[in-house]
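Understanding the architecture of this molecule
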Amino acid sequence: VAGLGEVHDERELEAALESGADSVGVNNRNLHSFQVTLETSLRLVEKMPAGVIKVAESGIHSRADVERLSAAGFHAFLVGEHLMKSADPAAAASSLLAQMGQIAQLAANAAGTNSAWQTLANDIHKLNDTGQHDSGDHAAFAPHTHDVA
């Protein structure tokens, strides 16, 4: 079982990294004001070492959000509120999965057929083909290994 160090700011990120965390989730929700901004992830990712698995949490609503965060260096995304507030959570999850499948396939094409990105793309395509989606309140999309582009 692997742990995920969750952080909200620079101080918490420093503590997580000093503790030896090799995967860090950046929660984009300010727990004092409850405002959500992707800028938190974009600011903190620049302070993370290359070997750390980076997870963006909260505030992810669209393919554009995923593309922006992925381009900044994030490997995985935790989506919850978007699905819970949707009139049709299954359709919202299907849409994000389809978008993630396209992104993963592009990354796999760049990284090669034996990459974790290809495994992810294949898994997402299978989910989309069968229509089986997790009905939980969060959906996490991430490669299976540290082999990320």
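So, here's what we can say about the structure. All values reported here derive from a predicted model rather than from experimental measurement.

**Focus on the overall build of the protein**
- A tally of helices and strands in the protein yields 6 helices and 5 strands.
- Listing every helix and strand of the protein by position from the N terminus yields β-α-β-α-β-α-β-α-α-α-β.
- Buried positions account for 38% of the 149 residues belonging to the protein.

**Looking at the pairing of strand 2 (residues 23–27)**
- Burial runs high along strand 2: 5 of the 5 residues are buried.
- With burial as the criterion, each face of strand 2 is covered, one bearing Ser23, Gly25 and Asn27 and the other bearing Val24 and Val26.
- Following the chain from strand 1 (residues 5–7) across helix 1 (residues 10–18) to the adjacent parallel strand 2, one finds a crossover that is right-handed.
- Where strand 2 lies against strand 3 (residues 53–57), 5 bridges are found, and the strand directions are parallel. Counterpart to Asn27 in the pairing with strand 3 is Glu57.
- Regarding the hand of the β-α-β motif, the stretch spanning strand 2, helix 2 (residues 39–45) and strand 3 is right-handed.

**Some points on the environment of Arg63**
- Residue position: Arg63 is located in helix 3 (residues 63–72).
- When its relative accessible area of 28% is taken as the criterion, Arg63 is described as partly exposed.

What counts as what
- Residues numbered from 1 in each chain as written.
- Predicted model: local features only at pLDDT ≥ 70, side-chain atom pairs only at ≥ 80, totals over all residues.
- Heavy atoms only, no water.
- Helix = DSSP H or I, 4+ residues; strand = E, 2+ residues; numbered from the N terminus.
- Buried < 20%, exposed > 50% of the residue type's maximum accessible area, 1.4 Å probe, protein only.
- Right-handed = clockwise from strand over helix to strand, strands pointing away.
- Pairing = 2+ DSSP bridges.

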